[in-house]
Amino acid sequence: MNINFYKEYNIYFCMKGILVILDGLGDLPNKQLNDETPLEAANTPNLDFLANRGEMGYMYPIKPGYIPQSDEAVVSIFGNDLISSTRGQLEASGAGIKLIRGDLALRANFATIDSLEKGNILDRRAGRTLTTKEAKTLAKALNKIKLAREFIFKPTIQHRGALVFRGGFSDNISDNHVYFLKGQDDKIKLCKPLDDDENSQYSVNIVNEFLEKAYEVLDKHPVNEKRREKGLMPANYILLRGAGIEIPKLKFYRNWLSVAYMPVEIGFSKISEMKVFSFKYPKQKKLDVYENLYKSLKKACKVSIKTIKRNHKKFDYAYIHIKETDVPGHDNKPFEKKEMLEHVDQTLFNFLRKFAPQRKINIVVTGDHSTPCKLKSHSADPVPVLFYNDSVPKEKKFNEKEARKGILRKIFGHDLIKKVEFV
Ligand code: ZN
Ligand code: ZN
């Protein structure tokens with residue numbers, strides 16, 4: 001009897017593995033936590049239970065010394081070459097924009113600058129205080145800009161959005177995004193062509209024209225006038241990255257389900273032909289982005305549990321990506337990071353520690369990169385890996401230090417799926 005028979009009749013078939021990626025999981029010892037990392041400081045009995053009955057190691061998502069972006073790391077962990085992906089295409093596809101070959105897709109951030117003349121970037125995310133309603137209103141105004149080519153700007157979550165220019169472009173152009181603010185001389189820059197091709201110059205001209213007009217529209221927009229009155233940063237500039245004109249060629253994972261809710265993750269999962277289980281991201285109604293983050297974190301854990309319960313007899317593997325844990329690293333909030341990890345432990349991993357053993361489901365828990373709070377950005381530090389396979393219990397705690405000593409030793413992102421035999 002072949003495996004599909006069992007799947008169809010739900011007799012003996014059961015999921016074999018679950019991969020959980022906690023975004024930005026890895027960290028460094030932090031003074032605010034008595035020189036512990038958030039994962040060390042966190043009370044995580046359920047993760048520790050899984051670690052005790054499994055193996056640990058540490059992973060360079062791409063390669064030692066390389067600082068990964070989330071999309072690059074995930075693309076690599078699923079065994080793809082980096083060049084086979086572009087952020088813009090993943091974001092736009094995840095945002096539900098239909099793309100055809102030659103459409104130029106970019107990931108966008110609402111940001112704050114002092115003025116176009118002075119050109120100083122004050123915040124890369126407009127203070128993380130942009131509400132869903134404000135983003136929608138600003139996007140509407142942006143979509144009225146007149147350019148020589150058709151385009152669409154779609155706001156997604158918080159300060160994020162996707163921008164697509166229709167038809168016949170080159171994607172060999174630079175970002176105008178800055179990945180880290182130094183605190184001085186953080187100047188805006190225009191996109192530049194990365195080759196001598198006429199079309200790259202043409203593409204850059206259109207994109208830069210959009211950027212200039214976007215500033216004019218946004219800076220004086222009533223939404224931003226009101227934000228200034230309230231002492232908030234105006235969302236008056238757009239930062240772009242990850243230009244792409246082709247749907248990325250990714251490996252297919254048709255026997256996987258994916259719980260994804262960030263556009264880039266939805267896009268990645270769809271293009272990898274996983275079955276996507278998503279939920280509507282809670283609207284940011286108030287100024288406090290952390291209230292919004294905790295709400296979505298709770299929802300993500302709940303939806304993950306429900307999806308596994310309902311579908312463990314229909315798919316071989318599950319991929320769950322929890323985004324929120326990355327944000328406190330960027331904001332240097334170690335207590336918030338610790339609290340988020342504890343929440344995931346108490347909900348999702350509390351469920352998995354009971355659900356997985358009796359069904360012989362293996363579990364991998366890791367991060368897509370480190371986001372050390374004290375650096376406020378991603379770093380090249382390896383991430384801890386936990387591989388639960390119901391082995392003989394040994395006393396261990398899941399954290400960076402213990403993982404370094406683990407018997408799985410050093411792993412490269414590219415080899416993870418094979419190493420744990422999730423294939
Ligand atoms: Zn990430
Ligand atoms: Zn990040």
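Here the structure is a predicted model, which is why all the values come from computation and not from measurement. Residue numbering note: each chain is counted from 1, following its sequence as written. Each chain gets a letter, beginning with A, and each ligand a number, beginning with 1, in the order they are written. Where local features are concerned, this predicted model is filtered to residues with pLDDT of at least 70; where side-chain atom pairs are given and counted, the filter is 80 or more; whole-chain, interface and lining totals use all residues. To get the side-chain values, all heavy atoms of the structure are used, and hydrogens and water are removed first.

Caption draft 1: A look at the overall build of the chain. A run of H or I in DSSP counts as a helix once it spans at least four residues, and a run of E counts as a strand once it spans at least two, with each numbered from the N terminus. Of regular secondary structure, the chain possesses 14 helices and 13 strands. For a compact globule of 423 residues, the expected C-alpha radius of gyration is about 22 Å, and the chain comes in at 22 Å, within 12% of that figure. If you line up the chain on its principal axes, its C-alpha atoms span 65 × 55 × 40 Å. The buried share among the 423 residues of the chain stands at 59%. For the chain, the distance from the average position of its 71 positive side-chain charges to the average position of its 53 negative side-chain charges is 6 Å. Between the two quantities, the radius of gyration covers C-alpha atoms and the globule rule is 2.2 Å times the number of residues to the power 0.38. Burial classes follow relative accessibility: with a 1.4 Å probe on protein chains only, a residue under 20% of its type's maximum area counts as buried, one over 50% as exposed, and anything between as partly exposed. The convention is simple: Lys and Arg are positive, Asp and Glu are negative, and His and the chain ends are not counted. To locate a charge, take atom NZ for lysine, CZ for arginine, CG for aspartate or CD for glutamate.

Caption draft 2: Examining the nonpolar core more closely. The biggest cluster of nonpolar side chains holds 78 residues, and the ones touching the most others in it are I18, L19, F78 and W256. Leave out the neighbours within four places in its chain, and L19 touches I77, F78, W256, A318, Y319, I320, V364, T366, L416, I417 and F422. Within the second largest apolar cluster, 39 residues are counted, among which are L147, I173, V178 and A235. Residues belong to a common nonpolar core when they are buried Ala, Val, Leu, Ile, Met, Phe, Trp, Tyr or Cys residues joined through side-chain atoms within 4.5 Å. Only heavy atoms enter the contact rule, under which two residues are in contact if any of them lie within 4.5 Å.

Caption draft 3: Fine view of the packing of aromatic side chains. Centres within 6.5 Å make a pair out of two Phe, Tyr or Trp rings, where for Trp the six-membered ring is used; the pair is then stacked when the planes are under 30 degrees apart, edge-to-face when over 60, and tilted otherwise. Taken as a whole and assessed by the stated rule, the structure comprises 21 aromatic pairs. Between the aromatic rings of Y58 and Y60, the centroid separation amounts to 6.2 Å while the plane-to-plane angle is 75°, which identifies the pairing as edge-to-face. Ring geometry for F277 versus F315: centroids 6.2 Å apart, planes at 90°, classification edge-to-face. Of this pair, F277 sits in strand β9 (residues 275-277) while F315 sits in the loop between α10 (289-311) and β10 (317-322); the two residues are 38 residues apart in sequence, bridging distant segments of the chain. The ring centre of F49 lies 3.9 Å from the NZ or CZ of R53, which sits over that ring. A positively charged side chain is recorded as over a ring if its NZ (Lys) or CZ (Arg) lies within 6 Å of the ring centre. The angle to the ring normal must also be within 35 degrees.

Caption draft 4: Up close: the sheet that holds strand β2 (residues 54-60). Pairing is mixed in the open sheet, where eight strands are placed in the order β9-β8-β10-β1-β11-β12-β2-β13. Sheet topology places β9 and β13 (409-412) at the edges, where each strand pairs with a single neighbour. The sheet shows a mean angle of 25° between the axes of neighbouring strands, taken without regard to direction. Following DSSP output, two strands are said to pair if at least two bridges run between them. Relative to β10, strand β1 (residues 17-22) runs parallel, the two sharing six bridges. Bridge pairing in β10 links L19 to Y319. Axis lines are fitted to C-alpha atoms, over the contacting stretch for helices. Their N-to-C directions set the angle, which ranges from 0 to 180 degrees. Strand contacts of helix α3 (residues 45-52): β2, β11 (362-366) and β12 (383-388), with the helix running at about 100° to β2, the strand carrying the most contacts.

Caption draft 5: The layout of surface pockets, seen in detail. A pocket, in this scheme, is an open set of points on a 1 Å grid over the protein atoms alone with protein on both sides within 12 Å along at least 5 of 7 lines, while a cavity is a set where a 1.4 Å probe fits but cannot get out; residues line either one if an atom lies within 4 Å of a point. Grid points are joined across faces, edges and corners, and a volume is the space filled by probe spheres set on the points. Considered as a void within the structure, the largest pocket measures approximately 500 Å³ in volume. Lining the largest pocket are 21 residues; nearest its centre among them are P155, T156, I157, K280 and Y281. Taken together, the elements giving at least two residues each to the lining of the largest pocket come down to α6 (132-142), β5 (151-155) and α9 (263-271). Per-element accounting of the lining of the largest pocket gives the leading share, three residues, to α6. Only Asp, Glu, Lys and Arg are considered charged, only Ala, Val, Leu, Ile, Met, Phe, Trp, Tyr, Cys and Pro nonpolar, and every remaining residue, Gly among them, polar. Looking at the lining of the largest pocket, its residues break down into 10 nonpolar, seven polar and four charged. Approximately 380 Å³ is the volume attributed to the second largest pocket.

Caption draft 6: Representation of the environment of E336 in the model. Inspection of the secondary structure puts E336 in helix α12 (residues 334-359). Residue E336 is classed as partly exposed on the basis of its relative accessible area of 24%. Separated by 46 residues in sequence, E336 and Y290 have C-alpha atoms that sit 8.7 Å apart. Apart from residues lying up to four places away in sequence, E336 is in contact with Y290, Y294 and P328.

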